[in-house]
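Spelled out, the chains give:
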Amino acid sequence: MAKITRSISAKKSSVLSVPKKVAKKAAKKTVKAGPKRVAKQSAKPKPPWTPAEIREAFSRFRKANPEPKGELEHLNPYTLLVAVVLSAQATDAGVNKATRALFAVADTPEKMLELGEEKVREYIKTIGLYRNKAKNVIALSEKLIAEFGGEVPRTRAEIETLPGAGRKTANVVLNMAYGEHTMAVDTHVFRVGNRTGLAPGNNVLEVELGLEKVIPSEFMRHAHHWLILHGRYTCLARKPRCEVCLINDLCRWPEKTV
């Protein structure tokens, strides 16, 4: 009988040891999962900006910088178009360094074609993707002469047909060269629109359309410059300078430092 009793006890102890381990693991998972569930439940959508708040924000931008300027150097609509095409995946400072000498000798489509693709490459070789960009500059110059009389067209659809030019390029040219109320959304404007809650969107088009919808017409001439400069120098990607932000009291970002 003693042998039988010991074997049964041993079986009981071995069976009971498993649930304890399982229970510990389950307890750990419960502890880890708890805060996540609570965080999701407590998270609330940011309230949209009121028209009065939007007007106040852009009034402050205008007061601080009445005539904001784009930082890409250019001489006319054509050189602006070329500069914007060259600025893709490059800094404005880097583009300016290359185009000062280029535009001194080729400030029209005709002069650019006379220069030729090989020489254009030499001028812009410090810019990323310069080979493909030189090809686009020559191709868009040819198309401007063949289809638009050597002039930069005044519609977004027409500009978008030019090699190397997309929607953002068209918006920049239309705004800066022709004074159109367009909203060019780059990485800075996209970040500001989403972070502040001014015009959240999953892609640049959503942010662009959102901004155009909420910004009063009187501010649209310079709106994209104000937002670009704000994102470039204040609402930085990694360490936003909330302490000097003109609109920190209006911003909806939950992590702002002031």
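Residues numbered from 1 in each chain as written. Predicted model: local features only at pLDDT ≥ 70, side-chain atom pairs only at ≥ 80, totals over all residues. Heavy atoms only, no water.

Asker: What is the right way to look at the packing of aromatic side chains in this model?
Answerer: In the structure shown here, the tally under the stated rule is four aromatic pairs. Ring centres 6.4 Å apart and planes at 55° place the aromatic pair Phe58 and Trp226 in the tilted group. Of this pair, Phe58 sits in helix H2 (residues 51–64) while Trp226 sits in helix H12 (residues 220–233), placing them 168 residues apart in sequence. Comparing Phe58 with Trp226 shows no difference in burial state: the two are buried. Here a set of aromatic residues connected by ring pairs shows up, and it is made of Phe58, Phe61, Phe219 and Trp226. Lying over the aromatic face of Tyr178, Arg154 brings its terminal NZ or CZ to 4.0 Å of the ring centre. Over the ring of Trp253 we find Arg195; its NZ or CZ atom is 4.5 Å from the centre of that ring. (Phe/Tyr/Trp six-rings, centres within 6.5 Å; stacked < 30°, edge-to-face > 60°. Helix = DSSP H or I, 4+ residues; strand = E, 2+ residues; numbered from the N terminus. Buried < 20%, exposed > 50% of the residue type's maximum accessible area, 1.4 Å probe, protein only. Lys NZ or Arg CZ within 6 Å of the ring centre and 35° of its normal.)

Asker: Would you explain the pattern of salt bridges in this entry?
Answerer: Should their charged atoms come close, side chains of opposite charge can pair. Here the structure, examined in full by the defined rule, presents 13 salt bridges. Residue Glu56 is joined to Arg60 by a salt bridge in which the shortest nitrogen-to-oxygen separation is 2.8 Å. Of this pair, Glu56 and Arg60 both sit in helix H2, four residues apart, which is roughly one turn of the helix. When its relative accessible area of 36% is taken as the criterion, Glu56 is described as partly exposed. On the basis of relative accessibility, which here comes to 21%, the residue Arg60 falls in the partly exposed class. The residue Asp249 makes a salt bridge to Arg60 at a minimum N-O spacing of 2.7 Å. Remark: Arg60 occurs in helix H2 and Asp249 occurs in the segment after H12; sequence separation between them is 189 residues. (Salt bridge = Lys/Arg side-chain N within 4 Å of Asp/Glu carboxyl O.)

Asker: Can you help me understand the environment of Leu115 in this one?
Answerer: Take Leu115: it is sitting in helix H5 (residues 109–115). Measuring from C-alpha to C-alpha, the distance between Leu115 and Val105 comes to 8.3 Å, with ten residues separating the pair along the chain.

Asker: Would you mind showing me how to read a nonpolar patch on the surface here?
Answerer: There is a patch of nonpolar side chains on the surface, built from Val204, Leu205 and Leu209 and spanning about 240 Å² of accessible area. Counting through the fold element by element, Leu205 comes out in helix H11 (residues 204–214). (Patch = residues over 30% accessible without salt bridge, like charges linked within 9 Å, V, L, I, M, F, W, Y side chains within 5 Å. Areas by Shrake-Rupley, 256 points an atom, 1.4 Å probe, with all protein chains shown as cover.)

Asker: Can you help me understand the packing of helix H9 (residues 167–178) against H12 in this one?
Answerer: Helix packing for two helices is described by the angle between their axes and how far apart those axes are. Relative to each other, H9 and H12 sit at 125°, their axes nearing to 10 Å. Comparing the axis directions of H9 and H12 gives the class oblique. H9 and H12 meet at a crossing whose hand is left-handed. Facing H9, whose interface residues are Val172, Asn175 and Met176, H12 presents Met220, Arg221, His224 and His225. (Axes fitted to C-alpha atoms, helices over the stretch in contact; angles between N-to-C directions. Parallel < 35°, antiparallel > 145°, perpendicular 65-115°, else oblique. Left-handed = near helix turned anticlockwise from the far one by under 90°. Contact = heavy atoms within 4.5 Å.)

Asker: Is there a simple way to explain the environment of His225 in this structure?
Answerer: Tracing the backbone shows His225 in helix H12. For the pair His225 and Lys69, spaced 156 residues apart in the sequence, the C-alpha separation amounts to 6.8 Å. Apart from residues lying up to four places away in sequence, His225 is in contact with Pro68, Lys69, Gly70, Asn175 and Met176.

Asker: Would you explain the environment of Glu158 in this entry?
Answerer: You can see Glu158 is positioned in helix H8 (residues 156–159). For Glu158, a relative accessible area of 31% translates into the label partly exposed. Considered as a pair, Glu158 and Ala170 are twelve residues apart in the sequence and their alpha carbons are 8.6 Å apart. Not counting residues within four places of it along the chain, the set of residues in contact with Glu158 comprises Phe148 and Pro153.

These results come straight from atomic positions and should not be treated as a statement about function.
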